[in-house]
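# Observations on chain architecture
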Amino acid sequence: MQPLIIAIDGPAGAGKSTAAQKVAERLGLAYVDSGATYRAAALAVLEAGASPEDERAVSELVERADIGLETDGVRSQVLLGGRDVSAELRAPKVTLAAAKVSRLRSVREKMVALQRALGRGRGVVMEGRDIGTVVFPEAPLKIFLQADPTERARRRLLQERDEGRAASLEQTAYEIGRRDQLDAERKLSPLVAARDAIVIDSTKLDSEQVVEKIVSLARARNLI
Ligand code: DC
């Protein structure tokens, strides 16, 4: 039997990470945050002092970058040149640069190959933007998780404050809107739900309710 792959896609702040981690934990699968690979690529560009808008420099730098992702089932740890950069990846500068570098074909090809390798031979819950459409189109369970923009901004704000960043709701809402636009409007693998994805709106649900829905779907399809 093929190892189980659950794809969870959706916009920033819809609750993908929490849901994906909890589903992985419940089902004994590995958790993979595909966005972290784009963030690591962006960090490699910023550390080299290049502009994320400079397509040639970005392609060359990302081509050479040694990006690794280790997952122990619940947490994933991102390595850049063997160094653990997980904490640095959350900085707002990296977030914006990741949205920019992820538009490039060469970057996407390398990250998709890395993500497929992470799912090879074992069961995973992978979250991202194009997991159900591009990375694992054959995944037997695809979820598209969405929520109202205001609710996503509110959640992201709480997360940012937790991480010690002084953000305002206005600024966070602006940043989320900007990222939605970059993710949805890019030519390659834009953020869209796969045709066979189940759409879950988490605006009025807590993370446990979202997890329960996903686990029930997996059960109903005889995947667990
Ligand atoms: O999920 P995240 O916020 O960590 O993602 C960072 C950026 O990477 C985001 O702007 C979109 C991009 N991304 C992508 O293009 N494809 C994915 N599968 C995951 C993330």
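Higher on the page you've got the structure.
The structure presented is a predicted model; accordingly, all values stated were derived computationally and were not measured. (Residues numbered from 1 in each chain as written. Predicted model: local features only at pLDDT ≥ 70, side-chain atom pairs only at ≥ 80, totals over all residues. Heavy atoms only, no water.)

This next bit is on the pairing of strand 1 (residues 5-9). Most of strand 1 sits inside the fold, with five of its five residues counted as buried. As paired strands, strand 1 and strand 6 (residues 124-128) are joined by five bridges and run parallel to one another. From the neighbouring strand, aspartate 9 faces strand 6, where its bridge partner is glycine 128. For strand 1 and strand 7 (residues 141-146), the ladder comprises four bridges, and the chain directions are parallel. In the sheet register, aspartate 9 faces strand 7, and the bridge partner there is phenylalanine 144. (Buried < 20%, exposed > 50% of the residue type's maximum accessible area, 1.4 Å probe, protein only. Helix = DSSP H or I, 4+ residues; strand = E, 2+ residues; numbered from the N terminus. Pairing = 2+ DSSP bridges.)

Quick look at the packing of helix 4 (residues 92-101) against helix 8 (residues 169-185) now. Interhelical geometry of helix 4 versus helix 8 gives an angle of 20° and a closest axis separation of 9 Å. Judged on the interaxial angle alone, helix 8 and helix 4 are roughly parallel. Taken as a pair, helix 4 and helix 8 cross one another with a handedness that is left-handed. Across from Thr95, Leu96, Ala99 and Lys100 in helix 4, the residues of helix 8 making contact are Arg178, Arg179, Leu182 and Asp183. (Axes fitted to C-alpha atoms, helices over the stretch in contact; angles between N-to-C directions. Parallel < 35°, antiparallel > 145°, perpendicular 65-115°, else oblique. Left-handed = near helix turned anticlockwise from the far one by under 90°. Contact = heavy atoms within 4.5 Å.)

Now for the site of the ligand. Near the ligand you find 15 residues, and of these Arg39, Arg108, Arg129, Asp130 and Arg186 are the closest. Contact distances for the ligand include 2.8 Å between a nitrogen atom and a side-chain N or O atom of aspartate 130. In this structure, an oxygen atom belonging to the ligand sits 3.1 Å away from a side-chain N or O atom of aspartate 183. Bound to the protein, the ligand loses 97% of the 450 Å² it would expose on its own. Contributing elements (two or more residues each) for the shell around the ligand: helix 2 (35-47), helix 4 and helix 8. No other element matches helix 2, which puts three residues into the shell around the ligand. (Near = heavy atom within 4 Å. Polar contact = N/O pair within 3.5 Å; in protein donor to acceptor, adjacent residues only side chain to side chain. Areas by Shrake-Rupley, 256 points an atom, 1.4 Å probe, with all protein chains shown as cover.)

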